[in-house]
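# Notes for the structure review
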Amino acid sequence: MTELPSEYHRRLPYGERVSADPLVGQPFFPFEGDVQVVPLAEPVVPEPPRAGEAGGKPCAKCADPDGYVIWRDEQWAVKAFGATGLPLVAVLEPNEHYRLDNLPPELTATLGPMIQRVAKAIQGLDSVGRTHFNRWGDGSEHFHLWFLARPLGMMQLRGAMIAAWDDMLPKIPDEELAANSRQVAAALAEGGGEAVVS
Ligand SMILES: [Zn+2]
């Protein structure tokens, strides 16, 4: 084992399976029965580079700036992805390559309004009850916020496990995804920028 970086790390039971009991039976947990947690892996320090970092894969956004984009303005772009089990899964990214911690003031100033606009545009879909959003940042260095459309009335999909439900639910048809993307792009364009889906 490499040297563990903190007291937190020194406490953890590497190689063992922690219990799933705190989650099983909870209203937002989508699994039941005998749930086995994977053995806890040792930390990897320094961490391997993310896409867009030195030594990592190329940044997907910078390599293909228009890929999946449904709306853009001079600062931001919104992507929508296919093969989703939710009414829409979208990503908000700055056009230029920044991390959250070095996002310049002109972008931090418009980030809040953009979150509000994207959430509102997605919530305008008749299948959607609420728009969840989150930033993980573990895969790519290029700052990106995920937006997950939580279907109306689907109370099991509340909370963080919506990302797991997205992978497990039946995929929505391509034509429905295209229609949802068009509606969201048009709603965004009402506040500025351009819709880029036909
Ligand atoms: Zn980039």
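See the structure above.
In this report, the structure presented in the accompanying data block is examined. (Residues numbered from 1 in each chain as written. Predicted model: local features only at pLDDT ≥ 70, side-chain atom pairs only at ≥ 80, totals over all residues. Heavy atoms only, no water.)

### Focus on the overall build of the protein
- Per the secondary structure count, the protein includes five helices and six strands.
- Oriented by its inertia axes, the alpha-carbon framework of the protein measures out at about 55 × 40 × 25 Å.
- With 198 residues in all, the protein has 36% of them scored as buried.
- The long-range share in the protein, meaning contacts at least 24 apart out of those at least 6 apart in sequence, stands at 59%.
- For the protein, the accessible surface area stands at approximately 11800 Å², while carbon and sulfur atoms represent 55% of it.
- Of the charged side chains in the protein, 17 are positive and 27 negative, and the gap between their average positions amounts to 3 Å. (Helix = DSSP H or I, 4+ residues; strand = E, 2+ residues; numbered from the N terminus. Buried < 20%, exposed > 50% of the residue type's maximum accessible area, 1.4 Å probe, protein only. Contact = heavy atoms within 4.5 Å. Areas by Shrake-Rupley, 256 points an atom, 1.4 Å probe, with all protein chains shown as cover. Lys, Arg positive; Asp, Glu negative; His and termini not counted. Charge placed at Lys NZ, Arg CZ, Asp CG, Glu CD.)

### Brief notes about helix H5 (residues 174–189)
- Helix length check: H5 (16 residues) gives 22 Å between terminal C-alpha atoms against 22 Å at 1.5 Å per residue, within 8%.
- Every buried residue belonging to H5 is among Leu-177, Asn-180, Ser-181, Val-184, Ala-185 and Leu-188, and all of these are buried. Taken around the axis of H5, the buried residues stretch over an arc of 130°, which confines them to a single face.
- Looking at the buried residues of H5, the elements they touch are strand E1 (69–72), strand E2 (76–80), helix H3 (105–123) and strand E6 (194–195). (Expected span 1.5 Å × (residues − 1). Arc of directions from axis to C-beta.)

### Overview of the coordination of the zinc ion
- All of the protein donors around the zinc ion are Cys-59 (SG), Cys-62 (SG), His-97 (ND1) and His-142 (ND1); their distances to the metal are 2.1 to 2.2 Å.
- Because the angles between the four donor atoms bound to the zinc ion fall within 102 to 115°, the donor set is best described as tetrahedral.
- If you list the donors of the zinc ion from N- to C-terminus, the spacing comes out as C-x2-C-x34-H-x44-H.
- Given a relative accessible area of 8%, Cys-59 falls into the buried group. (Donors = N, O, S within 2.8 Å, 3.2 Å for Na, K, Ca; no water. Tetrahedral: all angles 85-135°; square planar, octahedral: opposite > 155°, others 65-115°.)

### A closer look at the packing of aromatic side chains
- This structure, assessed with the given rule, holds four aromatic pairs.
- With a centroid separation of 5.4 Å and 65° between ring planes, the pair formed by Phe-29 and Phe-31 is classed as edge-to-face.
- Classification of Phe-29 by relative accessible area gives buried; the value is 14%.
- Each ring, one from Tyr-68 and one from Phe-81, has its centre 5.1 Å from the other, and the planes form 45°; the classification is tilted. Residue Tyr-68 is located in the loop between helix H2 (60–63) and E1, and its partner Phe-81 is located in the loop between E2 and strand E3 (89–94); the two are separated by 13 residues in the primary sequence. (Phe/Tyr/Trp six-rings, centres within 6.5 Å; stacked < 30°, edge-to-face > 60°.)

### Side note on the packing of H3 against H5
- It is the contact of H3 with H5, at a shortest axis distance of 9 Å, that shows an interaxial angle of 135°. Considering their axes alone, H3 and H5 lie oblique with respect to each other. Helix-helix and strand crossings are classified by hand; for H3 and H5 the assignment is right-handed. Note on element contacts: H5 touches H3 through Val-184, Ala-187 and Leu-188, opposite Arg-117, Val-118, Ala-121 and Ile-122.
- Looking at the contact of H3 with H5 residue by residue, the classes come out as six nonpolar, no polar and one charged. (Axes fitted to C-alpha atoms, helices over the stretch in contact; angles between N-to-C directions. Parallel < 35°, antiparallel > 145°, perpendicular 65-115°, else oblique. Left-handed = near helix turned anticlockwise from the far one by under 90°. Nonpolar A, V, L, I, M, F, W, Y, C, P; charged D, E, K, R; others polar.)

### Here we look at the pairing of strand E4 (residues 128–134)
- The buried fraction of E4 amounts to five of the seven residues, a majority that puts the element mostly inside the structure.
- Note: E4 against strand E5 (residues 145–151), six bridges, orientation antiparallel. The residue bridging Thr-131 from the neighbouring strand is Ala-149, located in E5. (Pairing = 2+ DSSP bridges.)

### Examining the nonpolar core
- Trp-76, Leu-88 and Ile-122 are the most contacted members of the largest nonpolar core, which has 27 residues in total.
- Looking at this core, the elements that each hand over two or more residues are E1, E2, E3, H3, E5 and H5.
- Of the residues forming this core, the biggest block, seven residues, is contributed by H3.
- When sequence neighbours within four positions are dropped, the list of residues in contact with Trp-76 reads Trp-71, Leu-92, Glu-93, Pro-94, Asn-95, Leu-103, Leu-107, Thr-110, Leu-111, Met-114 and Phe-143.
- Ranked by size, the runner-up nonpolar core spans seven residues in total, among them Val-89, Leu-157, Ile-162 and Leu-169. (Core = buried A, V, L, I, M, F, W, Y, C linked by side-chain atoms within 4.5 Å.)

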